[in-house]
Structures are given as C-alpha cells and as structure tokens.
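Residues per chain are reported as follows:
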Amino acid sequence: MENDKKLQRILLPIDGSNQSMDTVKYVSKILPPERTEIILFNIEFSIPETIWDLENNPELSSSMVSVKAWASQEKDKMHDFMEKVQVFLFNAGFSKKNIIIKIQPRKLGFARDIFAESMIGYTAVFFGRTGKGTIEELVFGSVANKLIEKIIHIPFVVVGEEPSHDKFLIAMDGSKGSLKGLTCIASMISPINKDISLCHIIRPLNLPNSKNEEEWIEDKRNKIEPIFEAAKDTLVNSGFAIEKIESLILSDKSSRAGGLIEEAKSNNFGSIVLGRRGLTIVEDFHMGRVSTKILSLARKMAVWIVN
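No experiment lies behind these values; they were computed from the predicted model shown.

### Observations regarding the pairing of strand 10 (residues 302-306)
Right, on to step 1. Summarising burial for strand 10: five of the five residues are buried, a large majority.
Right, on to step 2. Neither face of strand 10 is left uncovered, since the one carrying Ala302, Trp304 and Val306 and the one carrying Val303 and Ile305 both have all their residues buried.
Right, on to step 3. Strand direction decides the pairing type here: strand 5 (residues 156-159) and strand 10, joined by four bridges, are antiparallel. Residue phenylalanine 156 lies in a different strand from strand 10, and its bridge partner there is isoleucine 305.
Right, on to step 4. Pairing analysis gives five bridges linking strand 9 (residues 271-275) to strand 10, with the strands arranged parallel. Residue glycine 275 lies in a different strand from strand 10, and its bridge partner there is valine 306.

### Remarks on the side chain of serine 118
Right, on to step 1. Turning to its location among the elements, serine 118 is positioned in helix 4 (residues 110-118).
Right, on to step 2. For serine 118, a relative accessible area of 1% puts it in the buried group.
Right, on to step 3. Excluding residues that lie within four positions of it along the chain, serine 118 makes contacts with Leu11, Val125, Ile151, His153 and Ile154.

### Looking at the sheet that holds strand 9
Strand pairing in a sheet takes place through backbone hydrogen bonds and is either antiparallel or parallel in direction.
Right, on to step 1. Taking strand neighbours across the sheet as the criterion, the 10 strands line up as 3-2-1-4-5-10-9-6-7-8 in an open arrangement whose pairing is mixed. Sheet topology places strand 3 (99-105) and strand 8 (245-250) at the edges, where each strand pairs with a single neighbour. Geometrically, the sheet is characterised by an average inter-axis angle of 20° between neighbouring strands, direction not taken into account.
Right, on to step 2. In this fold helix 6 (residues 176-188) packs onto strand 1 (8-13), strand 4 (124-128), strand 6 (167-171), strand 7 (195-201), strand 9 and strand 10, with an angle of close to 120° to the strand it touches most, strand 10.
Right, on to step 3. On top of the sheet, helix 7 (residues 210-237) reaches strand 7 and strand 8; it is set at about 160° to strand 8, its chief contact.

### Details of the confidence of the model for the protein
Right, on to step 1. Scored by pLDDT, the protein has a mean of 83; 80% of the residues are at 70 or more.
Right, on to step 2. Mean pLDDT in the protein bottoms out at helix 2 (residues 49-52), which sits at 49, and peaks at strand 1, which reaches 97.
Right, on to step 3. pLDDT under 50 marks residues 131-140. Its contacts with residues more than four places away, or in other chains, come to 14 contacts.
Right, on to step 4. Long-range and interchain partners of residues 278-287, a stretch whose pLDDT sits below 50, account for 19 contacts in this model, where long-range means more than four residues apart.

### Some points on the packing of aromatic side chains
Right, on to step 1. Following the criterion strictly, the structure yields four aromatic pairs and no others.
Right, on to step 2. Judged by centre distance (6.4 Å) and plane angle (50°), the ring pair of tyrosine 26 and phenylalanine 126 falls under tilted. One end of the pair, tyrosine 26, is in helix 1 (residues 18-30); the other, phenylalanine 126, is in strand 4, and 100 residues separate them in sequence.
Right, on to step 3. In this structure tyrosine 26 comes out as buried when scored by relative accessible area, which is 2%.
Right, on to step 4. For phenylalanine 126, a relative accessible area of 0% corresponds to the buried category.
Right, on to step 5. In this structure an aromatic cluster arises from ring pairing among Tyr26, Phe126, Phe168 and Trp304.
Right, on to step 6. One residue, arginine 9, lies across the ring of tyrosine 122, its end atom 4.3 Å from the ring centre.

### A closer look at the pairing of strand 9
Right, on to step 1. Most of strand 9 sits out of view: five of its five residues are buried.
Right, on to step 2. Along strand 9, one buried face is formed by Ser271, Val273 and Gly275 and the opposite face, lined by Ile272 and Leu274, is buried too.

### Focus: the nonpolar core
Right, on to step 1. Ranked by size, the top nonpolar core spans 46 residues in total, and within it Phe126, Leu198 and Trp304 carry the most contacts.
Right, on to step 2. In contact with leucine 198, other than residues within four places in its own chain, are Ile170, Met172, Leu182, Phe228, Ala231, Lys232, Leu235, Ile245, Glu246, Ser247 and Leu248.
Right, on to step 3. Grouped together as the second largest cluster of nonpolar side chains are 37 residues, Ile114, Ile201, Ile294 and Met301 included.

### Focus: unusual backbone geometry
Right, on to step 1. Residues other than glycine seldom take positive phi values, yet asparagine 193 does so here, at roughly 55°.
Right, on to step 2. Its place among the elements puts asparagine 193 in the loop between helix 6 and strand 7.
Right, on to step 3. On the basis of relative accessible area, asparagine 193 is assigned to the exposed category, the value being 56%.
Right, on to step 4. Here asparagine 268, not a glycine, exhibits a phi torsion of approximately 60°, which is positive.
Right, on to step 5. The topology assignment puts asparagine 268 in the loop between helix 8 (256-266) and strand 9.

What counts as what
- Residues numbered from 1 in each chain as written.
- Predicted model: local features only at pLDDT ≥ 70, side-chain atom pairs only at ≥ 80, totals over all residues.
- Heavy atoms only, no water.
- Buried < 20%, exposed > 50% of the residue type's maximum accessible area, 1.4 Å probe, protein only.
- Helix = DSSP H or I, 4+ residues; strand = E, 2+ residues; numbered from the N terminus.
- Pairing = 2+ DSSP bridges.
- Contact = heavy atoms within 4.5 Å.
- Axes fitted to C-alpha atoms, helices over the stretch in contact; angles between N-to-C directions.
- pLDDT = per-residue confidence, 0-100.
- Phe/Tyr/Trp six-rings, centres within 6.5 Å; stacked < 30°, edge-to-face > 60°.
- Lys NZ or Arg CZ within 6 Å of the ring centre and 35° of its normal.
- Core = buried A, V, L, I, M, F, W, Y, C linked by side-chain atoms within 4.5 Å.

Following this line, the structure appears as structure tokens:
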C-alpha cells in the first residue's frame, strides 16, 4: 500500500529518566524502522536571568560557580543520554539519518513547548508517564495531563513503566473515534508478531424484565459484529495475521473504563487504544471520562488516545 511507504514522523520528548528509556524501548519494538523518523526532543532547563544576575553579588559569587558547574554537568549528562538513545535505536534497526536529536531552551513552558513542536508535521507523540525524580515526576505528570488536553490533532501515547509491546487492546464502539484508533494502529505499528483484540463493552441496562435486557444486548451485539469484521479486514490488509486478531464483546461490565482495564490486566495487554470521541455529544463527554479513568489505572501500560 502507498501509505505504508510514507515516512512517519514521531515526536519523542526525552528527559534523561528511566521512564524516557522505557518509552524509547516501547517505540523501538512497535514501530517499523524502515519507515519511521524519530525526533528525540529535549527542553533544556535554563537558569533564569535573575539568578545569573546574582553573580555580581560578592556574597553569592562563589555559590554561582557551583550553580554553573551543576548546569554544565546536567547539560553534558543529557547529551550523553541522547547519544545513548541514538545508539539503542540504531541497534534496533532504525536508520541513523532518521534518528534526530533536537534540544532547545525552555520558551513558554514544558507543555506548551512540546505542543508547539507537535504542530510541525508529526504523526504522533509518545510521552513517558513520569520523570526522573520526585519533583520531576510531579512536573512530568502535570505536563502529561496538559498535553492530553492540548494534543488533539495527532495521536498522543502515554507510556507507562516497561509495557509489553506485543498485545494491543482496541476499544471499539462503532464511532468515528474508535475507528480512527483502529486505522492508527493499522497504519503506524509493525504487524509482525502483534496480537490485536477488538473490544466492545455493552453496559447492562439492569432492567427488571430479563428478556428485554437480553434483547438489548443482542441488538448491540448484532450492530457491532459487522464493524468488527470490517476492522479485521483493515488489519489484515495492513499485514496483521488473521489468527492473531480476536473480537471481544463483554456484556457484564458496569463501567467501560473498569471493564477495559480488567480485560487488559487479566490478559497481559501492554497497550490500550482509545478514540477520543464517541458516537454523540454526550458520548464525547463520556469517552473523555473513560480516557481519564484508564490513564489513572493503567500505570504500567501504554495508552493511545486517538482523535
């Protein structure tokens, strides 16, 4: 397919933490090296000008020497980390010319600078859930939450701690949002040795008449099954093995978010794929709540949020 030959451009914000490396490892195992360009993006922490002005204060000048030395050391450590990541990705099969390091000073703030960068022709953003220490973890958690709200033009993937890379759970409700989640996976990831589960949750109405309840569930099942079949065709046409694609229709879950998390954890899924929008305006709001709940519960998984 022609789209398969197009180079996809991935934005990978890096902060030098173990979580950054977990995100790099995840990306290296799911994306096809031959058609992926990765931009390793770091926002350099810069010491404010007001702090540098203290250098002229005789009482503080000696302290500023230590600050300068620390800043220089942190900068060197980040460059070393970036080079380490480059080597890792190269060894994973990515072309050197398609592994690009981009370091820039902080301009508007971490979240706004990453958002601004994401607007420059990227296919998706992969972001580690936490940073490299107690303070950084708090900051990066906050940054992730802000980016989830801001980055609605391309897929945004929040990567947890060492998620497995071979099993994907795709939430399907028949909406354009869920179908975009499917096509995103079909077009972006390498199909080799990937297990895909298409999951639809029918929430019970808890009607007093069990026959009406059964009819409700059966009607919902009949509506989603043709969508599942079309989804399977899309995946197979993208190179996924038909025997590694399954359909799951769960009708005993009171919560969509809880049902998806329960299924993911009990069957060792490393990735959950969600459409940002649902079937209606009300459903859009509800899907937003589902995404938030899943992000809070799936701490060791990768959560894809696709517009």
